[in-house]
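Structural characterization, general
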Amino acid sequence: MTSETWHIPVMPAETIEWLVTDSDGVYIDATLGAGGHSALLLQQLGSGAQVFGIDQDDEALAETARRIDDERLKTVKGNFGFIATLMHPGLHGKISGILFDYGVSSHQIDAPERGFTFREDGPLDMRMGNLSSLTARDVVNTYPFERLRNLLFEYGEERRSSAIARQITESRPLESTADLRKCVEAVIRGPHLVKSLARVFQAIRIEVNRELEMLRNGLDQSLKLLKPGGRIVTIAYHSLEDRLVKNFFRTGNFGGKQEKDFYGNIIRPLQPLHNRPVTAGDAEIQLNPRARSARLRAAEKNTEEVPK
Ligand SMILES: C[S@@+](CC[C@H](N)C(=O)[O-])C[C@H]1O[C@@H](n2cnc3c(N)ncnc32)[C@H](O)[C@@H]1O
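Below, the structure is looked at part by part. Since the structure is predicted, the reported quantities are computational estimates derived from the model, not experimental observations.

1. Let's talk about the overall build of the chain
Scanning the chain from terminus to terminus reveals 13 helices and nine strands. Over its C-alpha trace the chain gives a radius of gyration of 20 Å, about what one expects of a compact globule, namely 19 Å for 308 residues. A total of 308 residues make up the chain; the buried ones form 53% of that total. In the chain, of all internal contacts separated by at least 6 residues, the share reaching a separation of at least 24 is 69%. Total accessible area on the chain is roughly 14600 Å²; 49% of this is exposed by carbon and sulfur atoms.

This is the structure:
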């Protein structure tokens, strides 16, 4: 794979437009990938700016190092679920903007040896990095039927979750992604097969990487890092992610319930900047099909709690 096709950043202009409020500020790209968004951000920022780029994947960090030579960028290996501990305490409350471009990169999906794709055979891995030990092999071979069914239903929104989970448990041990594919093929036939394969592989990937838990932790901890008026920009690729972000931006919690303090003031740490998410235009989707499902949202940290 050439460097250019590693990963095309989604909604690049919109991301920078909503993220940048201070051209000499400190920013965090919490999902650095190949540094597509960071490169654009650096172009936009002044000489006094600083960008911290986080990724849990060594290959992504190496690719960014190959592409970007800029002393304003500092790369950090880690999981954004622990974003506050990854940043020096002296930076807490000083960050102008944080970007989360969720999910996997095209490079990760397209590399069969990472196990994310159902299109080619590969190992049952699906880890975005080597910081955790749980793999897809553990999930499909050791989870009890109910747990497997529930995660296929919840994270994959797969209607035939029961039948597929049953097929998986009866086919153990599964050795490769081709074995997992065969389990889905045994249940789903015809035009719905590809969608079901995508849903099943997505569900297991979300479980392996604890994606929703890390999303929640990352957003929660971002509140500590942002300065008042600082912004969070998120790009979500499925409704489970987008719903959590939307609720958090509106209420500061993931259930979306408006909370009040002791005095009855509404607790609202963030001001959402959009009612409806920003989506990619047709021209971008033509060039980059991955942009089709992308939902961009932005929110600004309130200077003080908004009174009732
Ligand atoms: C969609 S790609 C980002 C692409 C990047 N914006 C670009 O333009 O090149 C998501 C990246 O975030 C990383 N990632 C996903 N979840 C993460 C997490 N919890 N902690 C750290 N990195 C994560 C993945 O390894 C992947 O490289």
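2. Some words on the site of the ligand
Taken together, 25 residues are adjacent to the ligand, and His37, Asp55, Phe80, Asp101 and Gln108 come closest. Histidine 37 places a side-chain nitrogen or oxygen 2.8 Å from a nitrogen atom of the ligand. One nitrogen or oxygen atom from the main chain of glutamine 56 is found 3.3 Å from a nitrogen atom belonging to the ligand. Protein burial of the ligand: of its 610 Å² of free accessible surface, 98% is covered by the chains. In this structure the site holding the ligand corresponds to the largest cavity. Split into classes, the residues belonging to the shell around the ligand amount to nine nonpolar, twelve polar and four charged.

3. Here we look at the packing of helix α7 (residues 145–156) against helix α8 (residues 161–170)
Two numbers describe how α7 lies on α8: the axes approach to 8 Å, and their chain directions differ by 135°. Relative to α8, α7 is oriented oblique. The two elements α7 and α8 cross, and the hand of that crossing is right-handed. Contacts between α7 and α8 involve Phe145, Leu148, Arg149, Leu152 and Phe153 on the former and, on the latter, Ser161, Ser162, Ile164, Ala165, Arg166, Ile168 and Thr169. The residue makeup of the contact of α7 with α8, split by class, is seven nonpolar, three polar and two charged.

4. A short note on the pairing of strand β5 (residues 226–236)
With respect to burial, β5 is a largely interior element, eight of its eleven residues being buried. Where strand β4 (residues 95–101) meets β5, six bridges bridge the pair, whose relative direction is parallel. Bridge pairing in β5 places leucine 99 opposite valine 233.

5. Focus on empty space enclosed by the protein
As enumerated under the stated definition, the model contains two cavities of 30 Å³ or more in all. Reported here for the largest cavity is a volume of approximately 430 Å³. Together, 33 residues line the largest cavity, and Thr31, Asp55, Asp101, Gly103 and Met128 are the ones closest to its centre. When residues of the lining of the largest cavity are traced back to their parent elements, those giving at least two are α2 (36–44) and α11 (211–225). Broken down by element, the residue count for the lining of the largest cavity peaks at four residues, all from α11. Along the lines of polarity and charge, the residues of the lining of the largest cavity split into 13 nonpolar, 13 polar and seven charged. Space inside the second largest cavity adds up to approximately 40 Å³. Surrounding the second largest cavity, Lys246, Phe249, Arg250, Pro272, Leu273, His274, Arg297 and Ala298 form its lining. Among the elements of the structure, α12 (239–251) and β9 (295–301) are those that each provide at least two residues to the lining of the second largest cavity. For the lining of the second largest cavity, the element with the most residues is α12, which contributes three residues. Across the lining of the second largest cavity, the residue classes break down as four nonpolar, one polar and three charged.

6. Details of the sheet that holds β9
The strand order β3-β2-β1-β4-β5-β9-β8 describes an open sheet built from seven strands, whose pairing is mixed. Of all strands in the sheet, those with a lone pairing partner are β3 (73–77) and β8 (270–272), marking the two edges. Taken over all neighbouring pairs, the strand axes of this sheet differ in orientation by 20° on average, direction set aside. In this structure, β5 lies alongside β9, joined through six bridges in antiparallel fashion. Across the sheet, isoleucine 232 pairs through a bridge with alanine 299, a residue of β9. The strands touched by helix α3 (residues 58–67) are β2 (50–55) and β3; relative to β3, the strand with the most contacts, the crossing angle is about 165°.

Conventions we followed
- Residues numbered from 1 in each chain as written.
- Predicted model: local features only at pLDDT ≥ 70, side-chain atom pairs only at ≥ 80, totals over all residues.
- Heavy atoms only, no water.
- Helix = DSSP H or I, 4+ residues; strand = E, 2+ residues; numbered from the N terminus.
- Rg over C-alpha atoms; globule rule 2.2 N^0.38 Å.
- Buried < 20%, exposed > 50% of the residue type's maximum accessible area, 1.4 Å probe, protein only.
- Contact = heavy atoms within 4.5 Å.
- Areas by Shrake-Rupley, 256 points an atom, 1.4 Å probe, with all protein chains shown as cover.
- Near = heavy atom within 4 Å.
- Polar contact = N/O pair within 3.5 Å; in protein donor to acceptor, adjacent residues only side chain to side chain.
- 1 Å grid on protein atoms, 1.4 Å probe; cavity = no way out; pocket = protein on both sides within 12 Å on 5 of 7 lines; lining within 4 Å.
- Sits in = over half its atoms within 2 Å of the grid points.
- Nonpolar A, V, L, I, M, F, W, Y, C, P; charged D, E, K, R; others polar.
- Axes fitted to C-alpha atoms, helices over the stretch in contact; angles between N-to-C directions.
- Parallel < 35°, antiparallel > 145°, perpendicular 65-115°, else oblique.
- Left-handed = near helix turned anticlockwise from the far one by under 90°.
- Pairing = 2+ DSSP bridges.
- Points joined across faces, edges and corners; volume = space filled by probe spheres on them.

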